[in-house]
Amino acid sequence: MIVRHFEHAIPAERRAFAPRHAESLDPVASTEVRTALRQWPMYAPTPLHDLSKLAHALGVGRVWAKDESRREPLRSFKGLGGAYALAEAFREHVASISGGPSPSHESLWRGEHAAAAREYTVCAVTDGNHGRSLAWAAQAFGAPCRIYVPKAVSVTRRALIAEFGATIVEVDGNYEAALAKAHADAAAHGWTLIQDTSFEGYTKHCQRIM
């Protein structure tokens, strides 16, 4: 095995975030996210594995690997971002139609807002993980979910998304063509696009996913 270790040339204490980056990495926002995730019924810390041989090969003190394969049901850290962004968007929607405060994450996962969710269609483009995350949360909340996939996405990946109840929409083209189609359909039908790709005027959901 060949291992290469790259270290940033500028010391960490000299690197400052631009305001637009600091907004995404705000410690207060991070605390809010952690608080929300702990309300999810499947929440559990994932284990760390001590890779002592790799640390020795790199010439560093310790190397730890965070084992996300234990994170059910998606077995990936990428399962959190899309689901969290959808939860936040849906909480805002419920508050807007009720005139009250945003519901808790715990109440969403208990299905307490399924009536509102049935009228709240969510969509996105994916070639894998993001679509599964969104479909999983939409199914739990009771919301219809439409996942657009480029033609080249494999049957296996489509099936992994569809097992969470999402409708798969194939687009005869590449990722950009699928994104254009999903964006147009969301605008035409009043659906909510929860996309992990930013574009002009579209960043809020992406920041939440991150």
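A. Summary view of the packing of aromatic side chains. Counted according to the given criterion, the structure contains seven aromatic pairs. Between Trp40 and Trp109, the aromatic rings sit 4.9 Å apart at their centres with planes inclined by 45 degrees, giving tilted as the arrangement. In this pair, Trp40 is assigned in the loop between helix 2 (27–37) and strand 1 (48–50) and Trp109 in helix 5 (residues 105–109), connecting sequence segments 69 residues apart. Of the two residues examined, Trp40 and Trp109, each falls in the buried class. With a centroid separation of 5.1 Å and 45 degrees between ring planes, the pair formed by Trp109 and Trp136 is classed as tilted.

B. Examining the packing of helix 4 (residues 78–98) against helix 7 (residues 129–141) more closely. Close contact between helix 4 and helix 7 brings their axes to 7 Å; oriented N to C, the two are set at 45 degrees. With respect to each other, helix 4 and helix 7 are oriented oblique. In this structure, the crossing between helix 4 and helix 7 has a hand that is right-handed. Residues Lys78, Gly79, Leu80, Gly81, Gly82, Ala83, Leu86, Ala87 and Phe90 of helix 4 touch helix 7, and the partners they reach there are Asn129, His130, Ser133, Leu134, Trp136, Ala137, Ala138 and Phe141. Residue composition of the contact of helix 4 with helix 7, by class: ten nonpolar, six polar and one charged.

C. View of the pattern of salt bridges. What the rule picks out here adds up to 13 salt bridges. In this structure, Lys204 engages Glu92 in a salt bridge whose closest nitrogen and oxygen atoms are separated by 3.5 Å. Here Lys204, found in helix 10 (residues 204–209), pairs with Glu92, found in helix 4; they are 112 residues apart in sequence, far enough to count as distant. In this structure Lys204 comes out as partly exposed when scored by relative accessible area, which is 42%. A salt bridge links Arg110 to Glu112; the shortest N-O distance between them is 2.5 Å. Among the charged side chains, a salt-bridge network with shared partners connects Lys66, Glu68 and Arg71.

D. Broad picture of helix 9 (residues 175–189). An ideal rise of 1.5 Å per residue puts 21 Å on 15 residues; helix 9 measures up with 21 Å between its terminal C-alpha atoms. Considered for burial, the residues of helix 9 that qualify are Ala178, Leu179, Ala182, Asp185 and Ala186. What you see down the axis of helix 9 is that its buried residues fit within an arc of 135 degrees, all on one side. Summarising the geometry of helix 9, the exposed residues directed more than 90 degrees from the buried face are Glu176, Ala187 and Ala188. Of the surrounding secondary structure, the elements contacted by the buried residues of helix 9 are strand 3 (122–125), strand 4 (145–150), strand 5 (167–171) and strand 6 (192–193). Of the residues that open helix 9, the one with a side-chain oxygen 3.2 Å from the backbone nitrogen of Glu176 is Asn174.

E. Representation of the sheet that holds strand 4 in the model. Taken in spatial order, the four strands make up an open sheet running 5-4-3-6, and their pairing is parallel. Whereas interior strands pair on both sides, the edge strands pair on one side only; in this sheet they are strand 5 and strand 6. Relative to strand 4, strand 3 runs parallel, the two sharing four bridges. For Val125, the partnering residue across the bridge sits in strand 4 and is Tyr148. Against the sheet, helix 8 (residues 155–162) engages strand 4 and strand 5, with an angle of about 150 degrees to strand 5.

F. View of the pairing of strand 3. Side chains of strand 3 alternate between two faces, with Val122 and Ala124 and Cys123 and Val125 buried alike. Once the chain exits strand 3 it traverses helix 7 before rejoining the sheet at strand 4, and the crossover so formed is right-handed. As paired elements, strand 3 and strand 6 share two bridges and run parallel to each other. Paired with Cys123 across the two strands is Leu193, which belongs to strand 6.

G. View of the nonpolar core. By size, the foremost hydrophobic cluster in this structure holds 35 residues, and its most contacted members are Leu86, Phe90, Phe141, Ile147 and Ile194. At the level of elements, helix 2, helix 4, helix 5, helix 6 (114–117), strand 3, helix 7 and strand 4 are the ones that each hand at least two residues to this core. Sort the elements by how many residues they give to this core and helix 4 lands first, with eight residues. Beyond its immediate chain neighbours, meaning those up to four positions away, Phe90 contacts Leu108, His113, Ala116, Ala117, Tyr120 and Phe141.

Rules of the game
Residues numbered from 1 in each chain as written. Predicted model: local features only at pLDDT ≥ 70, side-chain atom pairs only at ≥ 80, totals over all residues. Heavy atoms only, no water. Phe/Tyr/Trp six-rings, centres within 6.5 Å; stacked < 30°, edge-to-face > 60°. Helix = DSSP H or I, 4+ residues; strand = E, 2+ residues; numbered from the N terminus. Buried < 20%, exposed > 50% of the residue type's maximum accessible area, 1.4 Å probe, protein only. Axes fitted to C-alpha atoms, helices over the stretch in contact; angles between N-to-C directions. Parallel < 35°, antiparallel > 145°, perpendicular 65-115°, else oblique. Left-handed = near helix turned anticlockwise from the far one by under 90°. Contact = heavy atoms within 4.5 Å. Nonpolar A, V, L, I, M, F, W, Y, C, P; charged D, E, K, R; others polar. Salt bridge = Lys/Arg side-chain N within 4 Å of Asp/Glu carboxyl O. Expected span 1.5 Å × (residues − 1). Arc of directions from axis to C-beta. Polar contact = N/O pair within 3.5 Å; in protein donor to acceptor, adjacent residues only side chain to side chain. Pairing = 2+ DSSP bridges. Right-handed = clockwise from strand over helix to strand, strands pointing away. Core = buried A, V, L, I, M, F, W, Y, C linked by side-chain atoms within 4.5 Å.

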